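Chain by chain, the residues run as shown.
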Amino acid sequence: MTDESRTDELAEEKRKAIEEAKRKAAELRKAREEKKAEEAAQVNETETPEDAELAKKKAAAAAKAKAAAQKKKKELEDGADEKAKAAAAARAKAEALKKKREKQDVSGNDADIDKDADLEKKKAVAAAKAKAAALRKKKEQEQSSPDDKAKAVAAAKAKAAALKKKSGDGDDEKAKAIAAAKAKAKAAAAAKAKAKTKEEEPEEVEPSPNQPILDRYLAIIRENLGEDLLEDAYINRLAKDVPTLIAKVDSYYKLAEFLKYNELLAFDYLSETHGTDFETHMEIYNHFYSYQNKQSVALKVKIDREKTVVHSITPLWAGANWPEREAYDLLGIVFEGHPNMTRIMMPDDWVGHPLRKDYEPYDVEV
């Protein structure tokens, strides 16, 4: 008998011995379980229904745990069997290769034979592992109970139904949101169209109660001074409907003098004077009051920013002295005929006029 045949016989005997041991172990376990069942039946005869139910639940849980342990043990034993078979096959193959190497006459082939032996051994072990894993997976699939499969299918169906319902609810909410947005947009468009129509319609503005007073001023001025003194005249609705006159630069002083000394107008009180930079031009604003007529009038004059010179009205109203100096100091407007055209707020050596829109500080640290 050859060594290879002897190795196969030993492996077969080992396998049979393992199977016989397993069979005996299974019979022993079965006998123990039957004995335990008999003892449990005897105990149950004296137990109440509640105790029986509790015992039944404990027995079921113990059976499940035991089944799981046996399953794991069986898997380990099957894996061990596969590994043992693979190891036996590898040893047999290695023995055969060893004999083949001994028969070689040329010693130079020894290294190649050793290399082939190691490679074959590795391949055999890998194949045995793969086969064991496939067998274990197959057994697990076969041992999965119909109840578990049914539960899994039912759970999958329930999950799909929940997802479907959730998707349907989301679609309803989305549809409602879209409808609400459309309605809101439609209402906004209607409101906008209504507002636009309202804007296009000419608003009926009631005449100012001071319009007759302005008409009276204009009639007196034109009758005495002619038509060319004014650039414009209007009712300033943003300033208590005060009648407002805009004089030309050349006729500014002449018109101011007329407003003060004319017996019908008699604007003998100057309540306000100030200058403003409108970027396109400079402007002087004066507000006069007539104690005789208990009426007001505003006199404006627009000045070129490149030639900021206008006649002073300080000789007519002494109260214009300091306001005109302030306009000169901060805006650079020069008032011809002013008795003291000097700075009033900034130092005399200050460079520039701080209230001009194009003002740039001479000293960056200031």
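Residues numbered from 1 in each chain as written. Predicted model: local features only at pLDDT ≥ 70, side-chain atom pairs only at ≥ 80, totals over all residues. Heavy atoms only, no water.

**What about the pairing of strand β3 (residues 269–277)?**
Reasoning step 1: In this sheet, strand β4 (residues 282–290) lies alongside β3 in antiparallel orientation, the contact comprising 8 bridges. Residue pairing in the sheet places Asp-277 in a bridge with Met-282 of β4.
Reasoning step 2: Linking two consecutive strands that pair antiparallel, namely β3 and β4, is a turn of 4 residues; a positive phi of about 70° is found at Glu-279 within it. (Pairing = 2+ DSSP bridges. Helix = DSSP H or I, 4+ residues; strand = E, 2+ residues; numbered from the N terminus.)

**Side note on helix α6 (residues 252–261)**
Reasoning step 1: Within α6, burial applies to Tyr-252, Leu-255, Ala-256, Phe-258, Leu-259 and Lys-260.
Reasoning step 2: If you follow the buried residues of α6, they end up packed against α5 (211–225), β1 (230–236), β2 (242–247), β4, β5 (295–303) and β6 (309–311). (Buried < 20%, exposed > 50% of the residue type's maximum accessible area, 1.4 Å probe, protein only. Contact = heavy atoms within 4.5 Å.)

**Some words on the packing of aromatic side chains**
Reasoning step 1: Within this structure, the stated rule accounts for 4 aromatic pairs.
Reasoning step 2: On the numbers, 5.4 Å between centres and 85° between planes, the contact of Tyr-217 with Phe-267 is edge-to-face. Separated by 50 residues along the polypeptide, Tyr-217 in helix α5 and Phe-267 in the loop between α6 and β3 bring together distant segments of the chain. Note on accessibility: Tyr-217 and Phe-267 belong to one class, buried.
Reasoning step 3: An aromatic cluster of at least three residues, connected via ring pairs, comprises Tyr-269, Tyr-289 and Tyr-291. (Phe/Tyr/Trp six-rings, centres within 6.5 Å; stacked < 30°, edge-to-face > 60°.)

**Some details on the pattern of salt bridges**
Reasoning step 1: Scanning the model with the defined rule gives 12 salt bridges in all.
Reasoning step 2: A salt bridge links Arg-15 to Glu-12; its shortest N-O distance comes to 2.2 Å. Remark: Glu-12 and Arg-15 occur in helix α1 (residues 3–44); sequence separation between them is 3 residues, near one turn of the helix.
Reasoning step 3: Overall, the relative accessible area of 31% leaves Glu-12 in the partly exposed class.
Reasoning step 4: Salt-bridge contacts for Glu-33 lead to Lys-66; the nearest nitrogen and oxygen are separated by 3.2 Å. (Salt bridge = Lys/Arg side-chain N within 4 Å of Asp/Glu carboxyl O.)

**Here's the deal with unusual backbone geometry**
Reasoning step 1: Phi is positive for Glu-279, close to 70°, though the residue is something other than glycine.
Reasoning step 2: Positionally, Glu-279 belongs in the loop between β3 and β4.
Reasoning step 3: Of note, the phi angle at Lys-294 is positive, near 55°, even though the residue is not glycine.
Reasoning step 4: Structurally, Lys-294 is set in the loop between β4 and β5.
Reasoning step 5: Under the relative-accessibility criterion, Lys-294 is labelled exposed at 63%.

**Quick word on the nonpolar core**
Reasoning step 1: Ranked by internal contacts, the top residues of the largest apolar core, which has 34 residues, are Leu-245, Leu-259, Phe-288, Leu-299, Ile-313 and Ile-333.
Reasoning step 2: Of all the elements in the fold, those that place two or more residues in this core are α5, β1, β2, α6, β4, β5 and α7 (321–331).
Reasoning step 3: What Ile-333 contacts, discounting residues up to four positions off in sequence, is Met-282, Ile-284, Ile-303, Thr-308, Val-310, Ala-327, Tyr-328 and Met-341. (Core = buried A, V, L, I, M, F, W, Y, C linked by side-chain atoms within 4.5 Å.)

**Details of the packing of α5 against α6**
Reasoning step 1: Across the interface, α5 lies against α6 with an axial gap of 12 Å and an inter-helix angle of 115°. Crossing handedness for the pair α5 and α6: right-handed. Here Ile-220, Ile-221, Asn-224 and Leu-225 of α5 come into contact with α6, specifically with Lys-254, Leu-255, Phe-258 and Leu-259.
Reasoning step 2: Grouping the amino acids of the contact of α5 with α6 by side-chain chemistry returns 6 nonpolar, 1 polar and 1 charged. (Axes fitted to C-alpha atoms, helices over the stretch in contact; angles between N-to-C directions. Left-handed = near helix turned anticlockwise from the far one by under 90°. Nonpolar A, V, L, I, M, F, W, Y, C, P; charged D, E, K, R; others polar.)

**Section: the sheet that holds β3**
Reasoning step 1: The strand order β1-β2-β5-β4-β3 describes an open sheet built from 5 strands, whose pairing is mixed. Since the sheet does not close on itself, it has two edges, and those belong to β1 and β3, each with one partner. Recorded for the sheet is a direction-independent mean angle of 20° between the axes of neighbouring strands.
Reasoning step 2: Lying on the sheet, α5 is in contact with β1, β2 and β5; it crosses β2 at an angle near 30°.

**Brief notes about the environment of Glu-227**
Reasoning step 1: Mapped onto the fold, Glu-227 is located in the loop between α5 and β1.
Reasoning step 2: For Glu-227, a relative accessible area of 56% gives the class exposed.
Reasoning step 3: Polar contacts involving the side chain of Glu-227 include one to the side chain of Arg-222, which spans 3.4 Å. (Polar contact = N/O pair within 3.5 Å; in protein donor to acceptor, adjacent residues only side chain to side chain.)

Note that all results are geometric; they support no functional claim without further evidence.
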